[in-house]
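So the chains spell out like this:
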Amino acid sequence: MTAAVESVRTLSLKEVGPAERGTRPDEVVIALSPAFGDPFTKTIVDVPHAEVIRQLLAGIEERGGSARVIKVYRTADLAAIAHFGAKLSGSGIAVGVLSRGTTVLHQRDLARLSNLELFPQAPLLDAEVFRMIGANAAQYAQGQSPKPVPTRNDQMARPRWQAKAALLHLKEFDCIDKDRNAVEVEPVITKVD
C-alpha cells in the first residue's frame, strides 16, 4: 500500500517596483508585514504563507475584485501596515497581514486604529477564513456592506499561544527596515510534490 504524498506550496515574493497608489476602483491591496514570506513561511499554526496568499487572492477574485500585493518594511504594526495599504489601494480597501497570521480589513478614510474587520486570534485562522476575508475585502471595494466574516472564539487561544506569539512578534520586529520603502510584489506560488 502506497501512502499518499501531499504536495506542498511554497511562496516567493518577486519585487516588481515601488508600492504606488492604484487607480482601479475594484482594487484590494494585500499589505504584508516585513517577515511575511521571508524569513517566515507559515503562520503561528503552520498555515503556509503560500496558502494564505492563495486563499486571499481567490476570495477577492471570486467576488469580482482585483488584487495587488505589497510588502511593508518600515513597521510591523498591523494597523499601520493595513492603513498604509488602504491609502495605496484604488478602492481604498486593504487587507493587512502579519507573518503570524493576524489580519485586518482596513479602509483609507478610517483612522489608523479603526478598521472594517479585525481577526486578532491568528491561531483560529485557517485557509477557509482567509478566503472569506478576501471575499469580504472585494465586496467592500465595490461599495457593498458584506456580513462580517464569522470568527471562532477560543478563550484558551491566548494563554496557549501567547509565548510563541511574543517570540514571533519580536522576530518580526527584527525584520523592520526603517530605511526601506514599501514595494509591490508578485506572489509566486510553486507546488512541490
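Bear in mind the structure is a predicted one, so any value in this text is a computation, not a measurement.

## What to know about the overall build of the protein
Inference 1: In terms of helices and strands, the protein carries four helices and seven strands.
Inference 2: N-terminal to C-terminal, the α/β element order of the protein is β-β-α-β-α-β-β-β-α-α-β.
Inference 3: The globule rule puts the C-alpha radius of gyration for 193 residues at 16 Å, and the 16 Å found for the protein is close to it.
Inference 4: Along the first, second and third principal axes, the C-alpha set of the protein runs to 55 × 35 × 35 Å.
Inference 5: Classification of the 193 residues of the protein by burial places 47% in the buried group.
Inference 6: Of the contacts made within the protein by residues no fewer than 6 positions apart, 73% connect residues no fewer than 24 positions apart.
Inference 7: Carbon and sulfur atoms make up 51% of the accessible area of the protein, which totals about 10000 Å².
Inference 8: For the protein, the distance from the average position of its 24 positive side-chain charges to the average position of its 23 negative side-chain charges is 3 Å.

## Notes on the pattern of salt bridges
Inference 1: Taken as a whole and judged by the stated rule, the model has ten salt bridges.
Inference 2: Bridged by salt links that share partners, the residues R9, E51 and R54 form one connected network.

## Concerning the sheet that holds strand 7 (residues 183-192)
Inference 1: Taken in spatial order, the seven strands line up as 1-7-3-2-4-5-6 in an open sheet, and their pairing is mixed. Two strands in the sheet have a free side with no partner beyond their single neighbour: strand 1 (8-18) and strand 6 (117-119). Direction aside, the axes of adjacent strands within the sheet are offset by 30 degrees on average.
Inference 2: Two elements, strand 3 (residues 66-71) and strand 7, share three bridges in a ladder whose sense is antiparallel. Bridge assignment links V69 to a residue of strand 7, and that residue is V185.
Inference 3: Sheet strands in contact with helix 2 (residues 78-88) are strand 2 (27-32), strand 3, strand 4 (93-97) and strand 5 (103-107), and its direction is about 40 degrees off that of strand 5.
Inference 4: Of the strands in this sheet, strand 2, strand 4, strand 5 and strand 6 are in contact with helix 3 (residues 127-141), which crosses strand 5 at around 0 degrees.

## Some thoughts on the layout of surface pockets
Inference 1: Its volume calculated, the largest pocket comes out at about 370 Å³.
Inference 2: No other element matches helix 4 (residues 157-174), which puts five residues into the lining of the largest pocket.
Inference 3: Here the lining of the largest pocket is built from residues that sort into nine nonpolar, three polar and two charged.
Inference 4: Its boundaries defined by the atoms lining it, the second largest pocket holds a volume of some 160 Å³.
Inference 5: Elements with a contribution of two residues or more to the lining of the second largest pocket: strand 6 and helix 3.
Inference 6: Among the elements that take part in the lining of the second largest pocket, helix 3 stands out by supplying three residues, more than any other.
Inference 7: Classifying every residue of the lining of the second largest pocket gives eight nonpolar, two polar and three charged.

## Let's talk about unusual backbone geometry
What is expected of a backbone is that most residues other than glycine have negative phi and most peptide bonds are trans.
Inference 1: Along the chain, D38 connects to P39 via a cis peptide bond; the corresponding omega equals 15 degrees.
Inference 2: Positive phi is not limited to glycine here, since D46 has a value of about 70 degrees.
Inference 3: By the element assignment, D46 lies in the loop between strand 2 and helix 1 (49-62).
Inference 4: Look at D46 and you get partly exposed, because its relative accessible area is 44%.

What counts, and at which threshold
- Residues numbered from 1 in each chain as written.
- Predicted model: local features only at pLDDT ≥ 70, side-chain atom pairs only at ≥ 80, totals over all residues.
- Heavy atoms only, no water.
- Helix = DSSP H or I, 4+ residues; strand = E, 2+ residues; numbered from the N terminus.
- Rg over C-alpha atoms; globule rule 2.2 N^0.38 Å.
- Buried < 20%, exposed > 50% of the residue type's maximum accessible area, 1.4 Å probe, protein only.
- Contact = heavy atoms within 4.5 Å.
- Areas by Shrake-Rupley, 256 points an atom, 1.4 Å probe, with all protein chains shown as cover.
- Lys, Arg positive; Asp, Glu negative; His and termini not counted.
- Charge placed at Lys NZ, Arg CZ, Asp CG, Glu CD.
- Salt bridge = Lys/Arg side-chain N within 4 Å of Asp/Glu carboxyl O.
- Pairing = 2+ DSSP bridges.
- Axes fitted to C-alpha atoms, helices over the stretch in contact; angles between N-to-C directions.
- 1 Å grid on protein atoms, 1.4 Å probe; cavity = no way out; pocket = protein on both sides within 12 Å on 5 of 7 lines; lining within 4 Å.
- Points joined across faces, edges and corners; volume = space filled by probe spheres on them.
- Nonpolar A, V, L, I, M, F, W, Y, C, P; charged D, E, K, R; others polar.

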